[in-house]
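Given next are the chains, with one letter for each unit.
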Amino acid sequence: MEGWSQTLGAGALLGIAAGAIALILVLVIVFKMHAFLTLVLVSLLTAFATGIPAGQIVPTLVTSFGTTLGSVALLIGLGAMLGKMVEHSGGARILAEKMVSVFGERRAPFGLGLASLIMGFPIFFDAGLVVMLPIIFAVARRLGNNVLLFGMPAAAAFSVMHVFVPPHPGPVAATELYGASLGLVLLVGLLIAFPLWYVTGYLWGTYVGRRYIFPVPALFGSVDDDVQTNPPGVGTVIAILLLPLLLIFMNTGLDFLDGAGVVDAENETWVQVLSTIGSAPVALLISVLVATFVLGNRRGEHGTALEKVLDSALGPVCSVILITGAGGMFGGVLRTSGIGDALSDSLADIGLPVIVAAYVIALILRVAQGSATVALVTAAGLMAPAVAAGGYTVLQIVAITLATAAGSVFASHVNDSGFWLVGRLMGMDVKTTLKTWTVQQALESVVGFAICLVIFWIG
């Protein structure tokens, strides 16, 4: 923040952050205070406690809230509309029945997770999860109405791909900072993605899914089975769900080519136009319009009736959007307070092996301020000189890159907007989200780091 510098040390800032997190948990779990009000209140108190100038507190809160909503609101709103059209037309039920017939009832969570791994290659975590939700919900309704059993493996699949596999921004940023081979990072990331997901996503997801029973939330409005008299074919539903995937893949592919120097995104207009079309909000908008025509107009629904179907999808997701935005607000206050910089200075010379130090720094920064991207970029920036001077092999640098990414995903909790997104989309309370999603992210981080250590020793 211009004209202001933090005078508190890392210890004091960590103490304030820990106290703020504890206060959120007490207010939400013990006193049953609404999560949105809790996050706004604690964000305000934290801003005062960390010494952010009084005149800048409200702008900081609003900016952090708005920055999170800028992406989340569009993705969730458009994704809910797409999901509602797929569900209302009967397409979700038809595709769910097809998946169950292919994989069987016992292997349905595995099938959904595997499909999410494939979808997660080009599509970002939050966008992919929202697009996949109508299928997850339809399968869950058909096989016992237990959302976690089917939703947790799928969410974990999107997380694994987002954290470890280019062209997602985290591994790409770490690759650039460490000077690693992007192609080799991509190859290794793909090789470790499936076993990592199977252990920390599928096995853990099915365990918690049988331990915690949550009914499918009415995220897309009420289920209207009575209008599903003329459902679309499985191929039509798959094509509509693949449309945003293909558009976003075009965008991420162009980013990948731009980073490799094949195309010039700054000076070539056609690259910029295609990248805009392939951005997640625009891709989802196009997909909703196509779904409205194919699943609505072509099936005989028009005008007001179709408008009511789409409108019914927005009400249930308003709470998800606001709470996710407030979670981003809390994380934004912690970042503005300078906790990341203070921790970076304290951790720069801790005397650990480089790969361990990179992981630990990213992990601590992640837990302290919530943003995986900030944790990864900061840790990679700190450790890059040591990596450059260490004489490591090409494969060892790849291992260090992915180890840093593993640290940046550790233990998503209340200062991470993704924590609120997953919890609310699946209808979980805060306590259960901590027991399921936070632990899954910690397992994904630790197991991912263990694999990276093995690769480092081999390399």
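Structural notes, computed from the coordinates. (Residues numbered from 1 in each chain as written. Predicted model: local features only at pLDDT ≥ 70, side-chain atom pairs only at ≥ 80, totals over all residues. Heavy atoms only, no water.)

## As for the overall build of the chain
Alright, step 1. When its secondary structure is counted, the chain shows 20 helices and zero strands.
Alright, step 2. On C-alpha atoms alone, the chain measures out to a radius of gyration of 22 Å, which is about the 23 Å that the 2.2 N^0.38 rule sets for 459 residues.
Alright, step 3. The dimensions of the chain, computed from C-alpha atoms along their principal axes, are 65 × 50 × 50 Å.
Alright, step 4. Going through the 459 residues of the chain one by one, you find that 55% of them count as buried.
Alright, step 5. Sequence-distant contacts, at least 24 apart, represent 82% of the contacts inside the chain between residues at least 6 apart.
Alright, step 6. Accessible area for the chain stands at about 17,800 Å²; split by element, carbon and sulfur atoms hold 67% of it.
Alright, step 7. For the chain, the centre of its 18 positive side-chain charges and the centre of its 23 negative side-chain charges are spaced 17 Å apart. (Helix = DSSP H or I, 4+ residues; strand = E, 2+ residues; numbered from the N terminus. Rg over C-alpha atoms; globule rule 2.2 N^0.38 Å. Buried < 20%, exposed > 50% of the residue type's maximum accessible area, 1.4 Å probe, protein only. Contact = heavy atoms within 4.5 Å. Areas by Shrake-Rupley, 256 points an atom, 1.4 Å probe, with all protein chains shown as cover. Lys, Arg positive; Asp, Glu negative; His and termini not counted. Charge placed at Lys NZ, Arg CZ, Asp CG, Glu CD.)

## Topic: helix H9 (residues 182-211)
Alright, step 1. Taking 1.5 Å as the rise per residue, H9 with 30 residues should run 44 Å; its terminal C-alpha atoms sit 40 Å apart, in good agreement.
Alright, step 2. At Tyr-198, H9 is deflected by roughly 40 degrees, the largest bend along its length. (Expected span 1.5 Å × (residues − 1). Bend = angle between axes of the 7 residues up to and from the residue.)

## Concerning the packing of aromatic side chains
Alright, step 1. The tally for this structure, following the rule as stated, stands at 15 aromatic pairs.
Alright, step 2. Ring geometry for Phe-110 against Tyr-198: centres 6.4 Å apart, planes inclined by 70 degrees, an arrangement best described as edge-to-face. Residue Phe-110 is found in helix H5 (residues 108-119), and its partner Tyr-198 is found in helix H9; the two are separated by 88 residues along the sequence.
Alright, step 3. Judged by its relative accessible area of 29%, Tyr-198 falls in the partly exposed class. (Phe/Tyr/Trp six-rings, centres within 6.5 Å; stacked < 30°, edge-to-face > 60°.)

## Examining the side chain of Thr-432
Alright, step 1. Summarising the element assignment, Thr-432 is placed in helix H20 (residues 430-458).
Alright, step 2. The exposure class of Thr-432 is buried, given its relative accessible area of 8%.
Alright, step 3. Not counting the four nearest positions on each side in its chain, Thr-432 is found in contact with Tyr-212 and Phe-214.

## Digging into the packing of helix H17 (residues 372-388) against helix H18 (residues 394-407)
Alright, step 1. The geometry of H17 relative to H18 is characterised by a closest axis approach of 10 Å and an angle of 155 degrees between their N-to-C directions. Taken together, the axis directions place H17 and H18 in an arrangement best described as roughly antiparallel. As H17 runs across H18, the sense of the crossing is right-handed. Residues Leu-376, Ala-379, Ala-380 and Val-387 of H17 touch H18, and the partners they reach there are Ile-397, Ile-400, Thr-404 and Ala-405.
Alright, step 2. For the contact of H17 with H18, the class distribution of residues is seven nonpolar, one polar and no charged. (Axes fitted to C-alpha atoms, helices over the stretch in contact; angles between N-to-C directions. Parallel < 35°, antiparallel > 145°, perpendicular 65-115°, else oblique. Left-handed = near helix turned anticlockwise from the far one by under 90°. Nonpolar A, V, L, I, M, F, W, Y, C, P; charged D, E, K, R; others polar.)

## Re the nonpolar core
Alright, step 1. If you look at the biggest cluster of nonpolar residues, it comprises 155 residues, and the most contacted ones within it are Leu-129, Ile-136, Val-139, Phe-150, Phe-164, Tyr-178 and Trp-420.
Alright, step 2. The biggest single contributor to this core is helix H7 (residues 147-164), with 14 residues.
Alright, step 3. When sequence neighbours within four positions are dropped, the list of residues in contact with Tyr-178 reads Ala-358, Ala-379, Ala-380, Met-383, Ala-384, Val-387, Ile-397, Ile-400, Thr-401 and Thr-404. (Core = buried A, V, L, I, M, F, W, Y, C linked by side-chain atoms within 4.5 Å.)

## Some points on a nonpolar patch on the surface
Alright, step 1. On the surface, Leu-23, Leu-41 and Leu-45 cluster together to form a nonpolar patch covering roughly 220 Å² of accessible area.
Alright, step 2. Note that Leu-41 resides in helix H2 (residues 35-49).
Alright, step 3. Note on Leu-41: relative accessible area 35%, which makes it partly exposed. (Patch = residues over 30% accessible without salt bridge, like charges linked within 9 Å, V, L, I, M, F, W, Y side chains within 5 Å. Salt bridge = Lys/Arg side-chain N within 4 Å of Asp/Glu carboxyl O.)

## So, the side chain of Gln-440
Alright, step 1. For Gln-440, the location among the structural elements is in helix H20.
Alright, step 2. Residue Gln-440 is classed as buried on the basis of its relative accessible area, which comes to 0%.
Alright, step 3. Once residues within four sequence positions are removed from consideration, Gln-440 is found in contact with Ala-156, Thr-200, Gly-201 and Trp-204.

## Details of the packing of H7 against H20
Between two packed helices, what matters for the description is the angle formed by their axes and the separation of those axes.
Alright, step 1. Viewed as axis vectors pointing N to C, H7 and H20 meet at an angle of 40 degrees, and their least axial separation amounts to 11 Å. Of the possible angle classes, the one that applies to H7 and H20 is oblique. Considering only the axes of H7 and H20, their crossing is right-handed. In this structure, H7 contributes Leu-148, Met-152, Ala-155, Ala-156, Ser-159, Val-160, Val-163 and Phe-164 to the contact, and H20 contributes Thr-436, Trp-437, Gln-440, Gln-441, Glu-444 and Gly-448.
Alright, step 2. When the residues that make up the contact of H7 with H20 are grouped by side-chain class, the tally is eight nonpolar, five polar and one charged.

## Some thoughts on a positive patch on the surface
Alright, step 1. A grouping of Lys-32, Arg-211, Lys-431 and Lys-435 is seen on the molecular surface, where their side chains present a positively charged patch.
Alright, step 2. Tracing the chain through its elements places Arg-211 in helix H9.
Alright, step 3. We classify Arg-211 as exposed; its relative accessible area is 52%.

## Considerations on unusual backbone geometry
Alright, step 1. In the Ramachandran plot, Lys-32 falls in the positive-phi region, its phi being about 55 degrees despite a non-glycine side chain.
Alright, step 2. Within the secondary structure, Lys-32 is located in the loop between helix H1 (10-30) and H2.
Alright, step 3. Given a relative accessible area of 63%, Lys-32 falls into the exposed group.

## Quick word on H17
Two residues of an α-helix separated by three or four positions point the same way, owing to the 3.6 residues in each turn.
Alright, step 1. The terminal C-alpha atoms of H17, which comprises 17 residues, lie 23 Å apart, in line with the 24 Å expected from a rise of 1.5 Å per residue.
Alright, step 2. The sharpest bend along H17 comes to roughly 35 degrees, located at Leu-382, with the proline Pro-385 sitting one to four residues further on.
Alright, step 3. For H17, the set of buried residues is Ala-375, Leu-376, Ala-379, Ala-380, Met-383, Ala-384 and Val-387.
Alright, step 4. Buried residues along H17 sit against helix H8 (169-178), helix H16 (354-369) and H18.
Alright, step 5. Its side-chain oxygen 3.1 Å from the backbone nitrogen of Val-374, Ser-371 forms the N-cap of H17. (Polar contact = N/O pair within 3.5 Å; in protein donor to acceptor, adjacent residues only side chain to side chain.)

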